[in-house]
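Working through the structure, step by step
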Amino acid sequence: MVQSRAANTDFTRAFGDAKKQAGSIAGDAADAAQDVYDQARDSASDLADSAQRAARQTADSFGRALRNTIETQPYTAVAIALGVGWLLGRLHRPL
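Residues numbered from 1 in each chain as written. Predicted model: local features only at pLDDT ≥ 70, side-chain atom pairs only at ≥ 80, totals over all residues. Heavy atoms only, no water.

Here's the deal with the overall build of the chain
Counting its regular elements, the chain contains two helices and zero strands. For the chain, the C-alpha radius of gyration of 35 Å lies well beyond 12 Å, the compact-globule estimate for 95 residues. Its C-alpha atoms give the chain principal-axis dimensions of roughly 110 × 40 × 5 Å. Just so you have it, the chain exposes about 8,700 Å², and 61% of that area is on carbon and sulfur atoms. Averaging the coordinates of the 11 positive side-chain charges in the chain and doing the same for the 11 negative ones gives two points 10 Å apart. (Helix = DSSP H or I, 4+ residues; strand = E, 2+ residues; numbered from the N terminus. Rg over C-alpha atoms; globule rule 2.2 N^0.38 Å. Areas by Shrake-Rupley, 256 points an atom, 1.4 Å probe, with all protein chains shown as cover. Lys, Arg positive; Asp, Glu negative; His and termini not counted. Charge placed at Lys NZ, Arg CZ, Asp CG, Glu CD.)

Some remarks on the pattern of salt bridges
Once the charged atoms of two side chains with opposite charge are near each other, the side chains can pair. Counted according to the given criterion, the structure contains one salt bridge. Measuring nitrogen to oxygen at the nearest pair gives 3.6 Å for the salt bridge that ties Arg41 to Asp38. Taken together, the residues Arg41 and Asp38, both in helix α1 (residues 2-72) and three residues apart, mark about one turn of the helix. (Salt bridge = Lys/Arg side-chain N within 4 Å of Asp/Glu carboxyl O.)

Regarding the environment of Val36
Within the secondary structure, Val36 sits in helix α1. Given the relative accessible area of 54%, Val36 is considered exposed. Val36 sits 50 residues away from Trp86 along the chain, and the two C-alpha atoms are 54 Å apart. (Buried < 20%, exposed > 50% of the residue type's maximum accessible area, 1.4 Å probe, protein only.)

In structure tokens, the structure reads:
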């Protein structure tokens, strides 16, 4: 009977130790997953900021080029605008 209690106590102690180790490993895994998530979120935010900055620069550059073309060649710009408008109007007509 004494030997049965000792075996039961040893089993309980071993089970408790295993449970603590599993909890520690689960905590470490959760911390690592949170770190990876934070890094991915920061990288995505940086990428979005870079894309927004590039799009803004491209739009500004296009706007300056368009403004320059209209100022230096106004008749050509009007002719192009009329041609594009006519083509867009033709796209919406039924065949």
